[in-house]
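Single-letter residue listing:
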Amino acid sequence: MAIGTTGQVLTVDTAVDGKIKWAAAGGGDLIKVGGGTFSASSAVNVNDVFSSTYKKYRIVIDYELAGATGRNLNLRWRVSGSDDSNSTYDYAYGYLNINGFGNASINYASAPANLSVIAYNNGTGNQANARSAVSIDVHNPYDSGWTVYSGTSYSGDYQGAVNLIGGAFRNTTSFTGFSFYPTASTITGSYAVYGYTN
């Protein structure tokens, strides 16, 4: 038998003759549909990652904020290469602030708004270039119905914040992408988008 190509695995073809052959590897439950890096960006626009292929998606972002203030990371949904900035976003978060003097839980909700906050930090630590991360599951962004999400994030600095986040876009827009951006300054990092198999 000849050697297969990169990414192939050995399989048994029981439907034909039961012989071993090379074939493309099967996918798992999460299929990567987009991703990239960004450097010193005031906003990152991600287009054409949502489609009728999947109903649910996972978005993963890791980043460093260049400045010591404006630490919130915001999200807007996109279609046709443009942000939807209508005031039909609802969002909420609960966070645990980490510092040298103990911990404090604070909850916040906003409705209506023209964006969603997906990583909150009060910035009292004032530490530039601290690593932060976001992981959210998005439900039905391409369907003509509400787009909802939930997840977790860590917004880092000396007094970092662990967030439980969630929200909805209360309209029937079919979205194909999203943007994310800090309240102030710029961010450097990477992102990935995965579709959950139906």
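The structure displayed is predicted, hence computed values, not measured ones.

Thresholds, definitions, all that
- Residues numbered from 1 in each chain as written.
- Predicted model: local features only at pLDDT ≥ 70, side-chain atom pairs only at ≥ 80, totals over all residues.
- Heavy atoms only, no water.
- Helix = DSSP H or I, 4+ residues; strand = E, 2+ residues; numbered from the N terminus.
- Polar contact = N/O pair within 3.5 Å; in protein donor to acceptor, adjacent residues only side chain to side chain.
- Contact = heavy atoms within 4.5 Å.
- Pairing = 2+ DSSP bridges.
- Patch = residues over 30% accessible without salt bridge, like charges linked within 9 Å, V, L, I, M, F, W, Y side chains within 5 Å.
- Areas by Shrake-Rupley, 256 points an atom, 1.4 Å probe, with all protein chains shown as cover.
- Salt bridge = Lys/Arg side-chain N within 4 Å of Asp/Glu carboxyl O.
- Buried < 20%, exposed > 50% of the residue type's maximum accessible area, 1.4 Å probe, protein only.

Caption draft 1: Spatial organisation of the side chain of Asn 163. Along the chain, the position of Asn 163 falls in strand E13 (residues 161–169). At 3.4 Å, the side chain of Asn 163 forms a polar contact with the backbone oxygen of Tyr 120. Setting aside chain neighbours within four positions, we find Asn 163 in contact with Tyr 93, Gly 94, Tyr 95, Ala 119, Tyr 120, Gly 151, Thr 152, Ser 153 and Ser 155.

Caption draft 2: Quick look at unusual backbone geometry. Here the phi dihedral of Ser 80 falls at roughly 55°; this positive angle occurs in a residue that is not glycine. Looking at the element boundaries, Ser 80 is found in the loop between strand E6 (73–79) and strand E7 (82–83). A positive phi angle, near 70°, is found at Ser 185, a position not held by glycine. Among the structural elements, Ser 185 can be located in the loop between strand E14 (177–182) and strand E15 (187–196).

Caption draft 3: Expanded view of the pairing of strand E11 (residues 131–139). Sheet topology note: the strand E5 (residues 56–65)/E11 ladder contains 9 bridges and is antiparallel. The residue of E11 that forms the bridge with Tyr 57 is Val 138. For E11 and strand E12 (residues 147–155), the ladder comprises 7 bridges, and the chain directions are antiparallel. Pairing of His 139 across the sheet is with Val 148, part of E12.

Caption draft 4: Looking closely at a nonpolar patch on the surface. On the surface, a nonpolar cluster with roughly 530 Å² of combined accessible area is contributed by Met 1, Leu 10, Val 12, Ile 20 and Trp 22. Listing elements by their share of the nonpolar patch, those giving two or more residues are strand E1 (8–13) and strand E2 (19–24). Take Ile 20: it is sitting in strand E2.

Caption draft 5: Structural context of the side chain of Asp 90. With respect to the secondary-structure elements, Asp 90 resides in strand E8 (residues 89–99). Of the polar contacts made by the side chain of Asp 90, one reaches the side chain of Arg 170; its length is 2.8 Å. Once you skip the residues sitting within four places of it in the chain, Asp 90 turns out to touch Ser 110, Ala 111, Pro 112, Ser 116, Gly 166, Gly 167, Ala 168 and Arg 170.

Caption draft 6: Geometry of the pattern of salt bridges. For the structure shown, the criterion picks out 6 salt bridges. In this structure, Asp 143 engages Lys 55 in a salt bridge whose closest nitrogen and oxygen atoms are separated by 3.3 Å. Pair noted here: Asp 143 is in the loop between E11 and E12 and Lys 55 is in the loop between strand E4 (44–46) and E5, with a separation of 88 residues, a long-range link. Relative accessible area serves as the criterion here: at 26%, Asp 143 is assigned to the partly exposed category. Notably, a salt bridge pairs Arg 58 with Asp 137, separated by 2.5 Å at the nearest N-O pair. Taken together, the residues span a long stretch of sequence, with Arg 58 in strand E5 and Asp 137 in strand E11 at a distance of 79 residues. Owing to a relative accessible area of 24%, Arg 58 belongs among the partly exposed residues under this scheme. Salt bridges sharing common partners tie together Asp 62, Glu 64 and Arg 131.

Caption draft 7: Region of the structure containing the environment of Trp 146. Take Trp 146: it is sitting in the loop between E11 and E12. A relative accessible area of 49% means that Trp 146 is categorised as partly exposed. Along the sequence, Trp 146 and Ser 174 sit 28 residues apart, while their C-alpha atoms lie 8.9 Å from each other. Not counting residues within four places of it along the chain, the set of residues in contact with Trp 146 comprises His 139, Asn 140, Ala 168, Phe 169, Arg 170 and Asn 171.

Caption draft 8: Structural context of the environment of Tyr 194. Structurally, Tyr 194 can be placed in strand E15. Considering only alpha carbons, one finds Tyr 194 and Gly 34, 160 residues apart in sequence, at a separation of 7.0 Å. Setting aside chain neighbours within four positions, we find Tyr 194 in contact with Leu 30, Ile 31, Lys 32, Val 33, Lys 56, Tyr 57, Arg 58 and Val 60.

Caption draft 9: Region of the structure containing the environment of Gly 156. Turning to its location among the elements, Gly 156 is positioned in the loop between E12 and E13. Here Gly 156 falls in the buried class, since its relative accessible area comes to 1%. C-alpha of Gly 156 to C-alpha of Ala 133: the two residues are 23 residues apart in sequence and 8.2 Å apart in space.

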